[in-house]
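Below, each chain spelled out in residue letters.
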Amino acid sequence: MTETFSFTLNATDGAARTGVIHTPRGDIRTPAFMPVGTAATVKAMMPDSVAATGADILLGNTYHLMLRPTAERIAHLGGLHRFMNWNKPILTDSGGFQVMSLSDLRKMSEEGVTFASHVDGSRHFLSPERSMEIQRLLGSDIVMAFDECPALPATDEAVARSMRMSMRWAQRSRDAFGDRPGHALFGIMQGGTNRELREESAEALRQIGFDGYAVGGLAVGEGQELMFSTLDYAPGFLPEDKPRYLMGVGKPDDIVGAVERGIDMMDCVLPSRSGRTGQAWTRRGQVNIKNARHMDDPRPLDEHCSCPACRNYSRAYLHHVFKAQEILSAMLLTWHNLHYYQELMQGLRDAIAAGRLNEFVAQFHALRAEGDIEPL
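Here is a short report on the structure shown in this document. (Residues numbered from 1 in each chain as written. Predicted model: local features only at pLDDT ≥ 70, side-chain atom pairs only at ≥ 80, totals over all residues. Heavy atoms only, no water.)

Considerations on the environment of Met108
Locating Met108 in the fold gives a position in strand β7 (residues 106-108). When its relative accessible area of 30% is taken as the criterion, Met108 is described as partly exposed. In the structure, Met108 is positioned 228 residues away from His336 in sequence and 41 Å away in space, judged by C-alpha atoms. When residues no more than four places from it in sequence are discounted, the contact partners of Met108 are Met100, Val113, Glu148, Met165 and Trp169. (Helix = DSSP H or I, 4+ residues; strand = E, 2+ residues; numbered from the N terminus. Buried < 20%, exposed > 50% of the residue type's maximum accessible area, 1.4 Å probe, protein only. Contact = heavy atoms within 4.5 Å.)

Quick look at the structure:
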């Protein structure tokens, strides 16, 4: 097992890439989807179950963990990996996105952001230096630079002002991160959907130097078409020999489109959140298990899926436990969704390695276009 952080690019197919991120806690196969463990848990899942879906890495949330139970308490208890019983890599976000979303509860300056906790109203200050300190206490393997993420749409002037402050914060994050062998720091490109601003941001990050690079400021209200048109060029501004991470994405077709455009890593709460609300993601698209059409259906969600929900239970049973508000409903549907997402990532990796990504993508869209199986 490696003692350092590195990235190996194994194959490309067009702009798409497949490779391996090497960390002291294990390898991360790319393209990779990271389940979100916001508060040191992937909701409705045991860590071993998350690993069984094929996940190589989880995402933890700096904002939520700094408020409860606090980073200092987690450090005292042995770090985030031990605290949540996950021995594979963890990426922590910087807390910036959550703080920026608290528009009515925060005050921002060049130094950082003062905000009121959504938990108890207590006041806190988050800066590049404090974000690096929190993520060091958590012990995450991949640390994200502290940035501002403006909501779209916004004027180019506002996006430029925000991006340039984020680049100054990126330098401060780099300085505060220091030398931590085996741990990585990722910079975050901003610039909205403006090509020139994206290029300026990428150049600033390259000059600072990071272990990996994220494309931030997308999937924040601009729509898929505009996101994809931005991804047509933005990843190409980043170093080819470093991982590229698209933050907060997304639906299966978002993921496939992002991979086609050169993205290596993604995260989203969607598969777990959907599982708790009766939504299942399948090869044929989304299935709403709440619908009455499923109450007498003895078939699985997906006959080709090997997850416990599909292998052991019928649509009728899944419909019943959701309607009865049984906890098992969230557990089974979340497991299925995470399994489907990881299976999709494996399919993408295999297709890129074999040089047949176009065929894989065409089949992906064709099957989704057919829709769910016909009711009985």
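Some words on unusual backbone geometry
In the segment running from Arg68 into Pro69, the intervening peptide bond is cis, with an omega of 10°. Of note, the amide linkage connecting Val249 to Gly250 takes the cis form, showing an omega dihedral of -5°. Phi is positive for Asn85, which is not a glycine, with a value near 60°. Take Asn85: it is sitting in the loop between α4 (80-84) and β6 (90-92). On the basis of relative accessible area, Asn85 is assigned to the exposed category, the value being 55%. You will see that Ala219, though not glycine, has its phi angle at about 55°, which is positive. Take Ala219: it is sitting in the loop between β12 (212-215) and α9 (224-231). On the basis of relative accessible area, Ala219 is assigned to the partly exposed category, the value being 38%.

A short note on the pattern of salt bridges
The tally for this structure, following the rule as stated, stands at 18 salt bridges. The closest approach of N and O atoms between Glu129 and Arg172, which form a salt bridge, is 2.8 Å. Taken together, the residues Glu129 in helix α6 (residues 128-138) and Arg172 in helix α7 (residues 156-177) connect sequence positions 43 residues apart. Two residues, Arg161 and Glu157, come together in a salt bridge whose shortest N-O distance is 3.9 Å. Here Arg161 pairs with Glu157, and both are found in helix α7, just four residues apart, close to one helical turn. You can call Arg161 exposed: its relative accessible area is 52%. (Salt bridge = Lys/Arg side-chain N within 4 Å of Asp/Glu carboxyl O.)

Here's the deal with the sheet that holds strand β2 (residues 16-23)
The three strands lie next to each other as β1-β2-β3, forming an open sheet whose pairing is antiparallel. A strand with exactly one partner marks an edge of an open sheet, and here the two such strands are β1 (6-13) and β3 (26-30). Across this sheet, the average inter-strand angle for adjacent strands is 15°, counted without regard to direction. Taken together, the five bridges between β2 and β3 define a ladder with antiparallel strand orientation. Along β3, the bridge assignment pairs Thr23 with Gly26. (Pairing = 2+ DSSP bridges. Axes fitted to C-alpha atoms, helices over the stretch in contact; angles between N-to-C directions.)

Considerations on helix α14 (residues 327-354)
End to end, α14 covers 41 Å across 28 residues, agreeing with the expected 40 Å (1.5 Å per residue, within 8%). Positive backbone phi, at 70°, marks Gly355, one or two positions downstream of α14. (Expected span 1.5 Å × (residues − 1).)

Things to note about the nonpolar core
Within the largest apolar cluster, 53 residues are counted, with the highest numbers of intra-cluster contacts made by Phe210, Leu231, Leu246, Ile255, Val259, Met266 and Leu348. Leaving out residues up to four positions away in the same chain, Met266 has contacts with Ala32, Phe33, Met34, Tyr245, Leu246, Val249, Ile255, Ala258, Val259 and Met345. Core analysis: the second largest hydrophobic core is formed by 29 residues, Val50, Ala71, Leu137 and Phe146 among them. (Core = buried A, V, L, I, M, F, W, Y, C linked by side-chain atoms within 4.5 Å.)

What about α9?
Here α9 has its buried residues at Met227, Phe228, Thr230 and Leu231. Seen end-on, α9 carries its buried residues on one side only, within an arc spanning 160°. In the core, the buried residues of α9 are packed alongside α8 (195-208), β12, β13 (244-246) and α10 (252-260). (Arc of directions from axis to C-beta.)

Some details on the side chain of Thr92
Turning to its location among the elements, Thr92 is positioned in strand β6. Given the relative accessible area of 0%, Thr92 is considered buried.

Focus on the packing of α14 against helix α15 (residues 357-370)
Packed helices, taken two at a time, are described by the angle their axes make and the gap between the axes. Across the interface, α14 lies against α15 with an axial gap of 8 Å and an inter-helix angle of 145°. For the pair α14 and α15, contact is made by Tyr340, Leu344, Gly347, Leu348, Ala351 and Ile352 and by Leu357, Phe360, Phe364 and Arg368, respectively. Considered class by class, the residues forming the contact of α14 with α15 number eight nonpolar, one polar and one charged. (Nonpolar A, V, L, I, M, F, W, Y, C, P; charged D, E, K, R; others polar.)

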